[in-house]
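# Chains, contacts and geometry: an overview
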Amino acid sequence: MLVLVVCLLPQLVDRYGTVYRFEWIALVALVSVLYYFRVLHAAPFTVKPDAFTRHEVPPIRARQLQHRAGSANNIISDVEAQTFALAILDPGALQQRVVDEYTPDRRCLTQSVSVELQLPAEMVDGAERRYLVPAFLQDKGVMLDDLRITLAEGTPLYSHSYREQLVIVACVLRKLLIAAYRRDECAKTHLPKAARDAEEKALHVIAMRRRARGTPIDVSAVDDLLALSAPNQDALKNAHQFAALMGQRYAVVISLPFDKTGRVQYRYSRIVIPNFRMTGPNRRRGWSVLGLLRLALGARPVSITVDISNATSCQSYHLHLHGPEGLYLARQVPSIPPRLRTATAEAAPTPAYLRFRSRHGQSHAHFYARYMPPLQHGDQSPRIRFDYLEVPPGSVFRAFVTALACSVIVFVVAHISSFAQNPDSDAPAYLLAFPALAATWLGFSSPTQRIFEGTLSARLCLLITVVVSIAASVSYMLHQAKNDPNAWSTLPDGLSFLGIHERLWAVIFAASLINVMVIGGRCVVDIWQFGVLTTKQTEF
């Protein structure tokens, strides 16, 4: 419809003799189209959905949970509660080795985590035991996609529901408070009224407070636990820290069978949707012109950032990122808070020991950490960014070949047009259109099932090749239609650009030559970088 209006407007202007100029009419039409897309398409898309109403849980539910925790002592034993609390407060005391593996998919990452647990020596009695433990902790308000938990040999494990998890956490908190008031084994296990009131407030934070998107949870109500006058202050501090952590996060609880040595291994996997930035790391906005151009041309990001918070909850941590074929690991950029680098964890001989697997042109990334101290309130999660480049020749080399062919064809046809003003053939026009077809076929084919695609430089080069090819074809057809040597301006003072005298052909050939030089330089740099990585000495 817009094309039809633009084509008919000049005839309407000539027929009715209107005083409005065609440029103003086109401007009004353009503004109308932009307004149409803004109101009917862009505005509804950016509106935040509010389809569900958040309902506040009444405080009586906290009292009911408190009553159930006091009457359900058979749900979890004292040793089991001690193990559960230890896994929350000091996970490094149980988790010996954690291996994170990430496998990229089309838009998501499949995270597979292997965890080895070892009970402390004083808790091992030489018998096989089955304990309730948290498989991992998750921030409130974050959904888990395709979560699967199994033992090391593949036996499926089920995770307890949210209500069951609340009862278990409430029972553990009750046992921690009882331990704070217990003077000896014969003392009564009931809590005084002040302790019950503080426990009720803590349970209200744990069970009832929910995280709104982008806002932290207020856990200041659990501070009433520290104001209690209990004989065992260490146990009271553990109860306060346990309530504060469980107020901010929730535990995925599973039942694990520990062997006679107090050891067990389990695995869990889930789908993770990484955050992509369409701009540089130092930009505040989430987008930029180049980012939008990369998205429009279908050039997927070739870098990904993964969270390594699991490194702070174990004694030995391994991270594996299995990159796709056709790409190699170019850069590994850690973003670890300074405290986690310099502080010394409990019972650790030195500060954190961190190491990357050297880059040798492989697609696999490996990060190792040992003795990393646990996260504290206010610490940012440690992350690592992995940047990938295409293995030469790749799409950059294909773009270079296409741009070089286009530049050579433009150069030849420009000389033919200069010496033969009216060549009796349409072959040059078809020849000039060939690079545009080749660039379209090479650069914009159907995407593969990968999170990484062609680079932005290759896509831009192919796009410029298409524009130059079409411009050269149109220029040749105009020269054929207007067979007058004096109708086309030439370079001043008889100058020429590599033998081309006409200004139009010189500009088109200069654009094609610059395109070849830029993408050729990028191709040479990529080959040099890959050669340096693959030829350096590897360690064994």
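Note: the structure precedes this text.
As the structure is a prediction and not an experimental result, all values here were calculated from the model.

Calculation criteria
Residues numbered from 1 in each chain as written. Predicted model: local features only at pLDDT ≥ 70, side-chain atom pairs only at ≥ 80, totals over all residues. Heavy atoms only, no water. Helix = DSSP H or I, 4+ residues; strand = E, 2+ residues; numbered from the N terminus. Expected span 1.5 Å × (residues − 1). Buried < 20%, exposed > 50% of the residue type's maximum accessible area, 1.4 Å probe, protein only. Contact = heavy atoms within 4.5 Å. Phe/Tyr/Trp six-rings, centres within 6.5 Å; stacked < 30°, edge-to-face > 60°. Axes fitted to C-alpha atoms, helices over the stretch in contact; angles between N-to-C directions. Parallel < 35°, antiparallel > 145°, perpendicular 65-115°, else oblique. Left-handed = near helix turned anticlockwise from the far one by under 90°. Nonpolar A, V, L, I, M, F, W, Y, C, P; charged D, E, K, R; others polar. Arc of directions from axis to C-beta. Pairing = 2+ DSSP bridges. Polar contact = N/O pair within 3.5 Å; in protein donor to acceptor, adjacent residues only side chain to side chain. Salt bridge = Lys/Arg side-chain N within 4 Å of Asp/Glu carboxyl O.

With that out of the way, let us pick up helix α4 (residues 78-89). Between its first and last C-alpha, α4 extends 16 Å over 12 residues, near the 16 Å set by a 1.5 Å rise per residue. For α4, the complete set of buried residues consists of E80, A81, T83, F84, A85, A87 and I88. Against β3 (129-139), α5 (162-181), α7 (233-248) and β6 (249-258) lie the buried residues of α4.

All right, on to the packing of aromatic side chains then. In this structure the tally under the stated criterion is 10 aromatic pairs. When the centroid spacing of 6.2 Å and the interplanar angle of 70° are considered together, the rings of Y353 and Y368 count as edge-to-face. A residue pair is termed long-range when its members are at least 10 positions apart, and Y353 in strand β11 (residues 353-356) and Y368 in strand β12 (residues 364-370) qualify at 15 residues. Relative to F400, the ring of F397 lies with its centre 6.4 Å away and its plane at 40°, an arrangement referred to as tilted. Here F397 and its partner F400 are both found in helix α10 (residues 394-419), 3 residues apart, which amounts to about one turn of the helix.

Close contact between helix α6 (residues 193-208) and α7 brings their axes to 7 Å; oriented N to C, the two are set at 25°. On the basis of their axis angle, the class for α6 and α7 is roughly parallel. Read as a crossing pair, α6 and α7 show a hand that is left-handed. Contact with α6, carried on its side by A202, V205 and I206, involves A243, M246 and G247 of α7 and no other residues of that element. Its residues assigned to classes, the contact of α6 with α7 shows 5 nonpolar, 1 polar and no charged.

For the rest of this paragraph, the subject is helix α3 (residues 60-71). Helix length check: α3 (12 residues) gives 17 Å between terminal C-alpha atoms against 16 Å at 1.5 Å per residue, within 8%. A62, L65, Q66 and A69 are the residues of α3 that are buried. Buried residues of α3, viewed axially, fall in a sector of 100°; they line one side. For α3, exposure combined with an orientation more than 90 degrees from the buried face picks out H67 and S71. Against the buried residues of α3 lie α5 and α6.

Turning next to the sheet that holds strand β7 (residues 263-272). Spatial strand order, β5-β4-β7-β2-β1-β9-β12-β11: 8 strands in an open sheet with mixed pairing. Each edge of the open sheet is held by one strand with a lone partner, namely β5 (156-157) and β11. Taken together, the 5 bridges between strand β4 (residues 145-151) and β7 define a ladder with antiparallel strand orientation. Bridge pairing in β7 places R148 opposite S269.

Tracing the backbone shows H160 in the loop between β5 and α5. The class of H160 is buried, set by a relative accessible area of 17%. At 3.2 Å, the side chain of H160 and the side chain of E164 are in polar contact.

This model, assessed by the stated rule, comprises 12 salt bridges. Between D78 and K175 there is a salt bridge, with its nearest N and O atoms 3.0 Å apart. On the criterion of sequence distance, the pair formed by D78 in helix α4 and K175 in helix α5 is long-range, its members being 97 residues apart. The partly exposed category is assigned to D78, whose relative accessible area is 47%. For E199, the salt bridge identified is with R174, shortest N-O distance 2.9 Å. Here R174 lies in helix α5 and E199 lies in helix α6, a separation of 25 residues in the sequence. Three or more residues are tied together by salt bridges with common partners; here these are R331, R385 and D387.

Glancing now at the sheet that holds strand β10 (residues 327-335). Pairing is antiparallel in the open sheet, where 3 strands are placed in the order β8-β13-β10. Each edge of the sheet is formed by a strand with only one pairing partner; in this case those strands are β8 (303-307) and β10. Strand-to-strand twist across the sheet, computed as the mean angle between neighbouring axes with direction ignored, equals 25°. Relative to strand β13 (residues 383-390), β8 runs antiparallel, the two being bridged by 5 bridges. Considered in β13, the bridge of S303 is made with D387. Against the sheet, helix α13 (residues 503-535) engages β10 and β13, with an angle of about 80° to β10.

Further remarks concern unusual backbone geometry. Of note in this structure, D146 is not a glycine but carries a positive phi near 55°. The residue D146 is located in strand β4 in this model. Look at D146 and you get partly exposed, because its relative accessible area is 42%. Its identity is not glycine, yet Y371 carries a phi of approximately 65°, on the positive side. The residue Y371 is located in the loop between β12 and β13 in this model. Given the relative accessible area of 28%, Y371 is considered partly exposed.

Where α4 contacts α5, the two axes come as close as 10 Å, and the packing angle between them is 100°. When the axes of α4 and α5 are compared, the pair comes out roughly perpendicular. Here α4 contributes D78, A81, F84 and A85 to the contact with α5, which in turn contributes I168, V169, V172, K175 and L176. Class assignment of the residues belonging to the contact of α4 with α5 gives a composition of 7 nonpolar, no polar and 2 charged.

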